[in-house]
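# Per-entry structural report
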Amino acid sequence: MEGGAASDALPQFLEFEFADYVRYKDNWIVWRSLGHVDANGTWVAPVSFTEALRLPAKMLEVFFYLDDLVDKMARQKRRRETKSPQTAGHRKP
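Residues numbered from 1 in each chain as written. Predicted model: local features only at pLDDT ≥ 70, side-chain atom pairs only at ≥ 80, totals over all residues. Heavy atoms only, no water.

## Let's talk about helix α3 (residues 57–83)
For α3, which comprises 27 residues, the first-to-last C-alpha distance of 39 Å matches the rise-based estimate of 39 Å (1.5 Å per residue) to within 8%. If you check which residues of α3 are buried, you get Met59, Leu60, Val62, Phe63, Tyr65, Leu66, Asp67, Leu69, Lys72 and Arg75. Close packing links the buried residues of α3 with α1 (18–34), β2 (43–44) and α2 (49–53). (Helix = DSSP H or I, 4+ residues; strand = E, 2+ residues; numbered from the N terminus. Expected span 1.5 Å × (residues − 1). Buried < 20%, exposed > 50% of the residue type's maximum accessible area, 1.4 Å probe, protein only. Contact = heavy atoms within 4.5 Å.)

What follows is the structure, encoded as structure tokens:
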């Protein structure tokens, strides 16, 4: 994140080993189901700082990377929805 601004662009390549994704993807699904989004729209992980210290670093790397992808895709979707007029006179067939 250069310049401090978040980008909504999706990466062209994974920034972790595919084997790590395969290893942790099921755990990440549980991670997402146990966490939540707060009133400001910020993802809140389902573990505390001290609990996170006990998790493997590679696992957290994969989880945070996938969380970031989900956030970027949600922002892109919201932006598309606000740009496409869905008023009574402009409905899609």
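## Some words on the nonpolar core
Looking at soluble globular proteins, one finds that nonpolar side chains tend to be buried together. Core analysis: the largest hydrophobic core is formed by twelve residues, namely Phe16, Tyr24, Trp28, Trp31, Ala52, Met59, Leu60, Val62, Phe63, Tyr65, Leu66 and Leu69. Elements supplying a minimum of two residues to this core: α1 and α3. When residues of this core are assigned to their parent elements, the largest contribution, seven residues, is made by α3. The contacts of Leu60, once residues within four sequence positions are left out, are Trp31, Ala52 and Leu55. (Core = buried A, V, L, I, M, F, W, Y, C linked by side-chain atoms within 4.5 Å.)

## Details of the environment of Asp38
Inspection of the secondary structure assignment puts Asp38 in the loop between β1 (36–37) and β2. A distance of 2.9 Å separates a polar atom in the side chain of Asp38 from the backbone nitrogen of Asn40. Polar contacts involving the side chain of Asp38 include one to the main-chain amide nitrogen of Thr42, which spans 2.9 Å. (Polar contact = N/O pair within 3.5 Å; in protein donor to acceptor, adjacent residues only side chain to side chain.)

## A short note on the packing of α1 against α3
The relative placement of two packed helices is expressed as an angle between their axes plus a distance between the axes. Where α1 contacts α3, the two axes come as close as 9 Å, and the packing angle between them is 65°. In this structure, α1 crosses over α3, and the sense of that crossing is right-handed. Contacts between α1 and α3 involve Asp20, Tyr21, Tyr24, Asn27, Trp28, Trp31 and Arg32 from the first element and Lys58, Met59, Leu60, Val62, Phe63, Phe64, Leu66, Asp67 and Val70 from the second. Per-class residue counts for the contact of α1 with α3 are eleven nonpolar, one polar and four charged. (Axes fitted to C-alpha atoms, helices over the stretch in contact; angles between N-to-C directions. Left-handed = near helix turned anticlockwise from the far one by under 90°. Nonpolar A, V, L, I, M, F, W, Y, C, P; charged D, E, K, R; others polar.)

## Let's talk about the pattern of salt bridges
Tallying each qualifying case throughout the model produces four salt bridges. Note that Asp68 and Lys72 form a salt bridge whose closest N and O atoms lie 3.4 Å from each other. Linking Asp68 with Lys72, this pair stays in helix α3, spanning four residues, or about one helical turn. Note on Lys72: relative accessible area 13%, which makes it buried. Where Arg75 meets Asp71, a salt bridge forms, and the shortest distance between an N and an O atom there is 2.2 Å. With a gap of four residues between them, Arg75 and Asp71 both fall in helix α3, about one helical turn apart. The exposure class assigned to Asp71 is partly exposed, which follows from its relative accessible area of 29%. (Salt bridge = Lys/Arg side-chain N within 4 Å of Asp/Glu carboxyl O.)

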